[in-house]
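Residue-level structure breakdown
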Amino acid sequence: GARNSTSLRTPIVAVLGHVDHGKTSLLDKIRGSAVIEGEAGAITQHIGATAVPLDVISSIAGDLVDPDDFDLPGLLFIDTPGHHSFTTLRSRGGALADIAILVVDVNDGFQPQTLEALDILKRSETPFIVAANKIDTVPGWNATEDSPINATYEAQTDRVSSRLDESLYEIIGNLSDEGFSADLYWRVQNFQRNVGVVPVSAMTGEGVPDLLTVMMGLSQRYMKEEMEIDVTGPGVGTVLEVKEEKGFGTTIDTVLYDGTIRADDQLVVGGMNEPIVTDVRALLQPRPLAEIRTESRFEKVDEISAASGIKIAAPELEDAMAGAPVRVVRNRDLDEVIQEVEAEL
Ligand code: GTP
Ligand code: MG
């Protein structure tokens, strides 16, 4: 049961993959919203963050996820751009991740930024699964909206399911060429040793229950084994974007990946010339399921703990930079914290 759910850190799930393979669409499906429609030129150009609470995950996953089996409060999804020019943003997103979803279009297969994303995951040793997306585009596909994958397979003719299998085995082969032992997710016993491939459609929602179930299982195990989780210490985060916010001046959209930030905390933020020392004026939290990039209604909160996306309003943020570290000072020595921020720049 949910023994320590309040003290457990929300895992960060980075969504990576080649341009147009469906990262934002997949998150839109999970959010039940349409961020992709608001995107200029329909490509993602910034890192995004969306908090998905456990009850939403279990309602999508249906019978596959029993919320009583999980201690986690939910997942924080990080959307990244797939366009080749955004390499820095992809590595930044990858660096934040506890676990990841590599999205691959089943028809398009492995592409340059798929390989680039794999490299990022390899270097950071981030456990991940592959979402083999757009299965609804297999010719002759018979869609069952939001269905788990085994039921959706049963609804296909033999010809259609063999075509899908061929594409899936090609992806498994590509992963193996890159040194990853992979298989269809229902054949994988140990997700830290083998990469599970989950067939999905961001359009019809098929396989999305399976994807969320595997992510929950993977993160639960990973967070338990890899981390002694203490979310009460001084917060540590990364700036996603520096933005003007009406009534608040310059704000920083931040992913908090460790500890807490309080509305009365002093902060050190990486700046263009030197670290910025400032005091929080307001902590603005996006609503659950809202993408921080596009959210317009924030809730003012007194405290927030990792992992989460939070807009921070504070004086002197004009010189803050995307990608820069954010550190809470609280009871620590200010000079020490400044040095830590300098070391990360
Ligand atoms: P970047 O952020 O620019 O890297 O792209 P992305 O990976 O976020 O892809 P996006 O979600 O923007 O989707 C690209 C296109 O593919 C859009 O036109 C989507 O509607 C379409 N698409 C995404 N997923 C699916 C799917 O499962 N089935 C079908 N048929 N189309 C899809
Ligand atoms: Mg996108």
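Residues numbered from 1 in each chain as written. Chains lettered and ligands numbered in written order. Predicted model: local features only at pLDDT ≥ 70, side-chain atom pairs only at ≥ 80, totals over all residues.

**Things to note about the overall build of the protein chain**
Helix and strand counts for the protein chain stand at eight helices and 17 strands. Based on the C-alpha atoms only, the size of the protein chain along its principal axes is roughly 65 × 45 × 35 Å. (Helix = DSSP H or I, 4+ residues; strand = E, 2+ residues; numbered from the N terminus.)

**A look at the packing of helix α3 (residues 87-96) against helix α4 (residues 112-124)**
At their nearest, the axes of α3 and α4 sit 10 Å apart, and the two run at 35° to each other. α3 and α4 meet at a crossing whose hand is right-handed. For the pair formed by α3 and α4, the contact residues are T87, R90, S91, G94 and A95 on the first element and E116, A117, I120, L121 and S124 on the second. In terms of residue class, the contact of α3 with α4 is built from four nonpolar, four polar and two charged. (Axes fitted to C-alpha atoms, helices over the stretch in contact; angles between N-to-C directions. Left-handed = near helix turned anticlockwise from the far one by under 90°. Contact = placed C-beta atoms within 7 Å. Nonpolar A, V, L, I, M, F, W, Y, C, P; charged D, E, K, R; others polar.)

**Structural notes on the sheet that holds strand β2 (residues 48-53)**
Here we have seven strands laid out as an open sheet, ordered β2-β3-β1-β4-β5-β7-β6, and mixed in their pairing. Of all strands in the sheet, those bounded by a partner on one side alone are β2 and β6 (182-184). Each strand axis lies, on average, 25° off the axis of its neighbour in the sheet, ignoring direction. Across five bridges, the pairing between strand β1 (residues 12-17) and strand β4 (residues 99-105) is parallel. Looking across to β4, one finds that G17 is bridged to V103. Together, β1, β4 and β5 (128-133) form the strand contacts of α4, whose direction differs from that of β4 by roughly 165°. Helix α6 (residues 158-177) rests against β4, β5, β6 and β7 (195-199) of the sheet, and its axis sits at about 155° to β7. (Pairing = 2+ DSSP bridges.)

**Quick notes on unusual backbone geometry**
A cis amide bond links A306 to the next residue, A307, at an omega of -10°. Mapped onto the elements of the fold, A307 is located in the loop between β15 (303-305) and β16 (308-313). The backbone phi angle of D20 is positive, close to 70°, even though this residue is not glycine. In this fold, D20 is placed in the loop between β1 and α1 (23-31). Owing to 19 C-beta atoms within 10 Å, D20 belongs among the partly exposed residues under this scheme. (Buried ≥ 20, exposed ≤ 12 C-beta atoms within 10 Å, placed from the backbone.)

**Focus on helix α2 (residues 54-61)**
Every buried residue of α2 is listed here: I57, S58, I60 and A61. Seen from one end, α2 has its buried residues packed into an arc of 160°, which puts them on one side. Downstream of α2 by a residue or two, G62 has a phi angle that is positive, lying close to 60°. (Arc of directions from axis to C-beta.)

**Points about the site of ligand 1**
Near ligand 1 there are 22 residues, and of these G22, S25, I43, T44 and G82 occur at the shortest range. No other element matches the three residues that α1 contributes to the shell around ligand 1. A class-by-class count of the residues in the shell around ligand 1 yields seven nonpolar, 11 polar and four charged. (Near = placed C-beta within 6 Å.)

**Here's the deal with the environment of F70**
With respect to the helices, strands and loops of the structure, F70 is situated in the loop between α2 and β3 (74-79). Each C-alpha atom of the pair F70 and A202 lies 25 Å from the other, and the pair is 132 residues apart in sequence. When residues no more than four places from it in sequence are discounted, the contact partners of F70 are L54, M216 and Q220.

**Observations concerning the pairing of strand β8 (residues 236-245)**
With three bridges connecting them, β8 and strand β17 (residues 325-328) associate as antiparallel partners. In the sheet register, V236 faces β17, and the bridge partner there is R327. Where β8 lies against strand β9 (residues 249-258), nine bridges are found, and the strand directions are antiparallel. Within β9, the position partnered with E241 by the bridge is D253. Counting the residues between successive antiparallel strands, the hairpin from β8 to β9 contains three residues, one of them, G247, with a positive phi of roughly 85°.

**Some words on the sheet that holds strand β14 (residues 298-301)**
Overall, antiparallel pairing links the eight strands, which are arranged β12-β11-β17-β8-β9-β16-β13-β14 in an open sheet. Edge positions in the open sheet fall to β12 (276-279) and β14, since each of these has one partner strand only. Adjacent strand axes in the sheet meet at a mean angle of 35° when their direction is disregarded. In the packing of helix α8 (residues 334-344) onto the sheet, the strands contacted are β11 (266-269), β12 and β17, and the crossing angle to β17 comes to about 165°.

Everything listed here is a matter of geometry and, on its own, says nothing about what the molecule does.
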